[in-house]
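# Results of the structural survey
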Amino acid sequence: MSAKTDVKKVLKGDFTYKSLPMAAMIINPPTSLEYKTGVWRIKKPVIDQSKCIKCLLCWVYCPDMSVIRKEDDSVEIDYEYCKGCGICVNACPVKAISMEEEV
Amino acid sequence: MSEPYLRTVKDITIEERFAQGHRMCAGCGAAIAVKLALKALRGPTVIVNPTGCLEVSTTCYPYSAWRLPYIHVAFENSAAVASGVVEAIRILNKKRGKKLHDVIVIAGDGGTFDIGLQALSGALERGHNMLYICYDNEAYMNTGIQRSGATPLGAATTTSPAGKVIPGKQERKKDLIAIAVAHRIPYAATASIAHPVDYINKVRKALEIEGPKVIHVLTPCVPGWRYPPSESVRLARLAVETRYFPIYEVENGKLRITIRVDKPKPLEEFLRPQRRFAHLLRPENAHILEALKKNVEENWQRLIKLEESGVTL
Amino acid sequence: MAQVERLAFMGDEAVAYAVKQSNVDVIAAYPITPQTIIVERLSEYVANGELDAAFIQAESEHSALSICVGASLAGARVYTSTCSQGLALMHEIVYATSSMRAPMVMTIVNRSLNAPLNIHCEHGDIMAERDSGWIILFAANVQEAYDLTFIAFKLGEDPSVLLPVSVNMDAFVLSHSIEPITPISDEDAAKFLPPRKYEFEVDADKPITYGTMALPDVYMEFKMQLKEAVESSAKIFEKVVSEYAKLSGRRYWYYQSYMIDDADAIVMALGSTYGTLKTAAKKLRNEGLKIGVLALTMYRPFPEKQLAEILRNTKALVVMDRAYSYGGIGGPLYTDILGTLYRNDIKIPVKNVVYGLGGRDFKLDEAEAVLRMALDGAEAGRFDVNVSWWGVKG
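The sections below set out a description of the structure shown in this document. (Residues numbered from 1 in each chain as written. Chains lettered and ligands numbered in written order. Predicted model: local features only at pLDDT ≥ 70, side-chain atom pairs only at ≥ 80, totals over all residues. Heavy atoms only, no water.)

### Regarding the overall build of chain B
Note the threshold: A run of H or I in DSSP becomes a helix once it reaches four residues, and a run of E becomes a strand once it reaches two; helices and strands are each numbered from the N terminus. Between the two quantities, the radius of gyration covers C-alpha atoms and the globule rule is 2.2 Å times the number of residues to the power 0.38. We call two residues in contact when some of their heavy atoms are within 4.5 Å. Accessible surface area values rest on a Shrake-Rupley calculation with a 1.4 Å probe, where residue burial reflects the displayed protein chains alone. Counted as positive: Lys and Arg. Counted as negative: Asp and Glu. His and the chain ends are not counted at all. By convention, the point assigned to a charge is CZ for Arg, NZ for Lys, CD for Glu and CG for Asp.
Helix and strand counts for chain B come out as eleven helices and eight strands. Relative to a compact globule of 313 residues, whose C-alpha radius of gyration would be 20 Å, chain B shows 19 Å and is just as compact. C-alpha extents for chain B along the principal axes are approximately 65 × 50 × 40 Å. Excluding contacts between residues fewer than 6 apart, the proportion of contacts in chain B whose partners are at least 24 apart in sequence is 70%. Total accessible area computed for chain B in this model is approximately 11100 Å², and 54% of it derives from carbon and sulfur atoms. Across chain B, 43 positive and 31 negative side-chain charges occur, with their mean positions spaced 3 Å apart.

And the structure:
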């Protein structure tokens, strides 16, 4: 029984019952990182950094941990995982974030 | 009173124990609740989670969004599974020096209010040192929005539809904190994802208390409550501001409201954006709306009186 | 082998004593007659400091087993016990326990399932869990119930097995009968069962996600793992019983038998009925009749190969079932045996005797009658009736 859950191999069907970890355990989480939920978006949030007051509310409320908080409390969107829900847009007290069409 | 864990949003740790790539809906209130709860951890922690939205969306093999030990067994037994983990770790710590871990159950209203109530009751009565967080989206969302004991009066679900003869759920929502407090546990509280500092502080406070603790957090659901994904936090805030979901804690039987709502917004402001309540705003269902408003106001007054009287619950 | 003095115990008490000597870490159970003495004794041991374990009386059997799963994944040596309604209530989690590969030992004090309500001996309760992937052992007397408990812990916790094990013991007949047993010493028990080591123990330093959801593209492989684990546990069973034999002088195997080598007919059963059959068989052998009797110690994994070897040479077989599959072709053991015989080209007449349901006594003279009937079948080369319900009025 292998120790690692190899996501790519599982997706390709490249496994046997012997190569999979026992009892559907995932031994090396978080493997969810391999699934880029950014593909779900139809619109994307864009931050106007000049308006941002670093209140961090967008960072607090993002359900997908896709607002990244930097050292100096500025924020940026992680477009790999952002689902485009728009909660950050609503949360921003100075309307520094707007939704744009995903091209 | 000791210093709270957090004073402002900026004090929240940057560390994420809940990983990106999970498959909760865009805008999911429960995802926010989990992320915020995991900001309060104080050491090694185990999560126990029953079947539900959170479980299927975060642990679909081979994907897991959990950066800490996580156990799922079945739907109605999360409190029991957690009891076993707690006692095993405690005895193994004593016998063989195994590191102590905090044990947190994160369960939906589905796995708590109805089918999971027995296991919760047993665990609370036995006094295990665990925290039980119920994320409440007010219906069995994972199986397609069926009514639960947490569905409020009047709400439309797929098994309490807004029909011509029976317009939505005819029964009131159970009071989970009252049930928890009836077990005489040291701490129980409600919380809101729209009040993150209060919520995270409560989780941390609970973890630092020995014994069984319950936190009940309202988590708006995009497909279940039927509103655009960007509104989850705003709805959670309106739930508090209309007194629909009061935010309070009961510590050793003493009740304290932690988010005061002296000038409540009209309940319609909370109901109107949700299509699950659309039928309630029609004139023929005015009596149900009135009943719901009456329940909300009575509940608030009850909490005020309990707080004022200082009675030990 | 340390010197020990013999003890007189009820079945329940003997099991509790074995669990104590096994140095379990967590016990979670819910009382149900006639298992109650087990949990009561265990709670006394813990309360008096004789056993360092967490004793949890759950609020239902379903929760009891759930507690056990959590505890087992956390690395504890876990024990529980139940029967009948309690086992049925646990059913959902019985499957989860084996499928999550959470080792533990459960003593099942086999009792009938209602309705009608009946608290007496029957095997229907464990038969409903046959397919679950648990290792299933049967004790024929109190000594065996005691010994098999140690064997079960060692077998289930073996890193190449990692399965829950049930030790089955007849309600009242064994659970509440006082029999003399030869125990093993505490030192020998501790040597046989050192503290549990579990590679996948819950540990924040090595986080694991347990109990994931597997879609159709991958689910079946995990069940294949379970199938192999259950089947290959037989090899480990052989090692474990061999080690136990060195310790205790008592040798366990997939089955036990009396005079089957040259038997014209064999009667087989599970549990305490073996003792009755053996006593009756001794009498018939004294008359010069070539009868043999057989009892399975291991029921799952089913010892097909071993049984085929020993049944090949007899002329007729009576399979006794203390349970039934309503609407099926016979009792559960009978159906397993029919399949075994067919697959191994053994063409002998087989009869199913369904007996003792709801604890109806199966006495010595009745055992004698069954043995004679088996010999009649051997002589005639057939049985007129495939399945007969023994002693039913009407």
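Still more to cover.
### A word on a nonpolar patch on the surface
Residue and element names in this part refer to chain C. What counts here: For patches, a residue must show more than 30% relative accessible area and have no salt bridge; joins then use 9 Å for like charges and 5 Å for nonpolar side chains, namely Val, Leu, Ile, Met, Phe, Trp and Tyr. The working definition used for a salt bridge is a side-chain nitrogen of Lys or Arg within 4 Å of a carboxyl oxygen of Asp or Glu. Buried residues are those whose accessible area, probed at 1.4 Å on protein chains only, stays under 20% of the maximum for their type, while exposed residues exceed 50% and partly exposed ones sit between those limits.
Together, Tyr-326, Trp-389 and Val-392 line one region of the surface with nonpolar side chains, adding up to about 340 Å² of accessible area. Tracing the backbone through its elements, the reader meets Trp-389 in strand S16 (residues 387–389). Take Trp-389: its relative accessible area is 37%, and that puts it in the partly exposed class.

### Some thoughts on the interface of chain B and chain C
In plain terms, the rule: Defined in terms of a 1.4 Å probe, buried area is the accessible area two parts forfeit on being brought together, summed over both. Pairs of N or O atoms are called polar contacts if they sit within 3.5 Å, as long as, within protein, a hydrogen donor faces a hydrogen acceptor (for residues adjacent in sequence, only side-chain-to-side-chain pairs). Asp, Glu, Lys and Arg are counted as charged, while Ala, Val, Leu, Ile, Met, Phe, Trp, Tyr, Cys and Pro are counted as nonpolar; the rest, among them Gly, fall into the polar class. When DSSP finds two or more bridges between a pair of strands, those strands are recorded as paired.
If you look at the interface, chain B gives 41 residues, while chain C gives 45 residues. Three residues stand out in chain B for area buried against chain C, namely B:Tyr61, B:Lys95 and B:Arg96, and they jointly supply 17% of the buried area on that side. For the pair chain B and chain C, the interface holds six salt bridges. Ionic pairing is found between C:Asp25 and B:Arg96, a salt bridge with its closest N-O pair at 3.8 Å. Applying the counting criterion to the chain B and chain C interface returns 22 residue pairs in polar contact (both at pLDDT 80 or more). Going through the elements one at a time, strand S1 (45–48), helix H2 (53–58), strand S2 (70–71), helix H3 (78–96) and helix H5 (117–126) of chain B are the ones with two or more residues in the side of chain B that touches chain C. Grouping the constituent residues of the side of chain B that touches chain C by class yields 20 nonpolar, eleven polar and ten charged. Here two bridges tie S2(B) to strand S9 (residues 209–210) of chain C, and the two strands are oriented parallel to one another.

### Side note on the interface of chain A and chain B
The partner chain B presents 39 residues to the 40 residues of chain A that form the contact. With both sides pooled, the region where chain A packs onto chain B buries about 3200 Å², and carbon together with sulfur makes up 62% of that total. It is A:Trp59, A:Tyr61 and A:Met65 in chain A that bury the most area against chain B; as a group they hold 21% of the surface buried on that side. As a salt-bridge pair, B:Lys10 and A:Asp73 come within 3.4 Å of each other at their nearest N and O atoms. Breaking the side of chain A that touches chain B down by element, the ones donating at least two residues are helix H1 (7–12), helix H2 (57–61), strand S2 (67–69) and helix H3 (87–91) of chain A. Looking at the side of chain A that touches chain B element by element, the count peaks at four residues for H2(A). In terms of residue class, the side of chain A that touches chain B is built from 26 nonpolar, seven polar and seven charged.

### Examining the pattern of salt bridges
Per the counting criterion, the structure on display carries 57 salt bridges over all chains. Residue C:Glu201 pairs with B:Lys98 through a salt bridge whose shortest N-O separation is 2.7 Å. Of this pair, C:Glu201 sits in the loop between helix H7 (186–192) and S9 while B:Lys98 sits in the loop between H3 and strand S3 (102–108), on two different chains. By relative accessible area, which is 10% here, B:Lys98 ends up buried. Among the salt bridges present, the one from B:Lys174 reaches B:Asp114, with a minimum N-O distance of 3.4 Å. Of this pair, B:Lys174 sits in the loop between strand S4 (131–136) and helix H6 (176–181) while B:Asp114 sits in helix H4 (residues 110–114), placing them 60 residues apart in sequence. Judged by relative accessible area, B:Lys174 falls into the partly exposed class, the value being 31%. Three or more residues are tied together by salt bridges with common partners; here these are B:Asp136, B:Glu138, B:Lys173 and B:Arg276.

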